[in-house]
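So you can see what is in the structure, the chains are spelled out below.
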Amino acid sequence: QVQLVESGGGLVQAGGSLRLSCAASGRTFSSYAMGWFRQAPGKEREFVAAISWSGGSTYYADSVKGRFTISRDNAKNTVYLQMNSLKPEDTAVYYCAAGYLPTLPAVVVTTPLRYDYWGQGTRVTVSS
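For the structure given in this document, a descriptive report is provided here. (Residues numbered from 1 in each chain as written. Predicted model: local features only at pLDDT ≥ 70, side-chain atom pairs only at ≥ 80, totals over all residues. Heavy atoms only, no water.)

In this section: the packing of aromatic side chains. One pass over the full model with this rule turns up seven aromatic pairs. Taking the centre distance of 5.0 Å and the plane angle of 45° together, the rings of Y32 and Y100 count as tilted. Within this pair, whereas Y32 is found in strand β4 (residues 32-39), its partner Y100 is found in strand β9 (residues 92-100), the two being separated by 68 residues in sequence. On the basis of relative accessibility, which here comes to 43%, the residue Y100 falls in the partly exposed class. One aromatic cluster in this structure is built from F37, F47, Y59, Y115 and W118. Above the face of the Y95 ring, R45 is positioned so that its terminal group lies 3.9 Å from the ring centre. Of note, R72 hangs over the ring of F29, and the distance from its end group to the ring centre comes to 4.5 Å. (Phe/Tyr/Trp six-rings, centres within 6.5 Å; stacked < 30°, edge-to-face > 60°. Helix = DSSP H or I, 4+ residues; strand = E, 2+ residues; numbered from the N terminus. Buried < 20%, exposed > 50% of the residue type's maximum accessible area, 1.4 Å probe, protein only. Lys NZ or Arg CZ within 6 Å of the ring centre and 35° of its normal.)

For the rest of this paragraph, the subject is the side chain of E6. Assignment of secondary structure puts E6 in strand β1 (residues 4-7). The side chain of E6 is buried and forms no salt bridge, while R45, the nearest opposite charge, is found at 7.6 Å. Within polar-contact distance, the side chain of E6 engages the backbone nitrogen of C96 at 2.9 Å. A polar contact is formed between the side chain of E6 and the backbone nitrogen of Q120, at a distance of 3.1 Å. Every residue in contact with E6, bar those within four places of it in the chain, is listed here: S21, C22, W36, Y94, Y95, C96, G119, Q120, G121 and T122. (Lys, Arg positive; Asp, Glu negative; His and termini not counted. Salt bridge = Lys/Arg side-chain N within 4 Å of Asp/Glu carboxyl O. Polar contact = N/O pair within 3.5 Å; in protein donor to acceptor, adjacent residues only side chain to side chain. Contact = heavy atoms within 4.5 Å.)

In structure tokens form, the structure reads like this:
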């Protein structure tokens, strides 16, 4: 069982930056591929970024590529999402997710159904 707790959300002006953190419980964090998703009001949850459990592979949605960076620290059981040059359309609740892939250290996961655990989310609001 893995529990995920997101933090770092808040209100920021367009062009600003935020860093989201997702702290995971459990001793096998390094066997989990991690991802960030977001859900804006009235919209479906969408993929934002993913990282393999080795940290060597990352993947981004086109809408955030070049502005967001996903990283992880397996020693701290934490995954991060650095968000720069924020836009009003980035406003959403951001969720982290963990997918158990112990034999696939370089695989990233972009499909929500492949994730086993989800956090409760942290709200990001970008004002224009």
